[in-house]
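Residue-level structure breakdown
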Amino acid sequence: QVQLVESGGGLVQPGGSLRLSCAASGSIFTINTMGWYRQTPGNGRELVASITRGGITDYTDSVKGRFTISRDNAKNTVYLQMDSLKPDDTAVYYCRVTGAFTRPVYWGQGTQVTVSS
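Now for a quick tour of the structure.

Calculation rules
- Residues numbered from 1 in each chain as written.
- Predicted model: local features only at pLDDT ≥ 70, side-chain atom pairs only at ≥ 80, totals over all residues.
- Heavy atoms only, no water.
- Disulfide = S-S within 2.5 Å.
- Helix = DSSP H or I, 4+ residues; strand = E, 2+ residues; numbered from the N terminus.
- Buried < 20%, exposed > 50% of the residue type's maximum accessible area, 1.4 Å probe, protein only.
- Salt bridge = Lys/Arg side-chain N within 4 Å of Asp/Glu carboxyl O.

Quick word on the state of the cysteines
Inspection of every chain in the model, using the stated rule, returns one disulfide. Note that Cys22 is cross-linked by a disulfide to Cys95, the S-S spacing being 2.1 Å. Taking the sign of the S-S torsion, -85 degrees for the link of Cys22 and Cys95, the bridge is left-handed. Separated by 73 residues along the polypeptide, Cys22 in strand β3 (residues 18–25) and Cys95 in strand β9 (residues 91–99) bring together distant segments of the chain. As far as burial versus exposure is concerned, Cys22 and Cys95 are alike and both buried.

Okay, here's the thing in structure tokens:
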């Protein structure tokens, strides 16, 4: 089976930085798009950023200029560098990976990011 292991969440002050990592392991398969979603009690799960296997990125408007998504294909790992964090960024962040062929979708377990003074 394929597992996505997330790390890097935690508590940070407004204006601070944090880097999330998500590593895919298990069965060997070709990974297409990798991305990060976040969810809060008051909002549904929303796309934060995504990156294709070719390096094309997409961001939700609220994080543009502050967050950077990247990937290491050799390690099957996706990262989310979060700078200038705001309290509104507080959420559970989920890694999402889409495979090739049958296009399976895998989700990470989620990691809590809390931005507070």
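Comments concerning the pattern of salt bridges
By the definition in use, this model includes four salt bridges. For Asp61, the salt bridge is made with Lys64, and the minimal N-O distance between the two is 3.0 Å. A salt bridge links Asp89 to Arg66, with the shortest nitrogen-to-oxygen separation between them at 2.8 Å. Placement of Asp89 in the loop between β8 (77–82) and β9 and of Arg66 in the loop between β6 (57–59) and β7 (67–72) is noted, with a sequence separation of 23 residues between them. Given a relative accessible area of 2%, Asp89 falls into the buried group. The class for Arg66 is buried, based on a relative accessible area of 11%. Each of Arg38, Glu46, Arg66 and Asp89 takes part in salt bridges that share partners, so that together they form one network.

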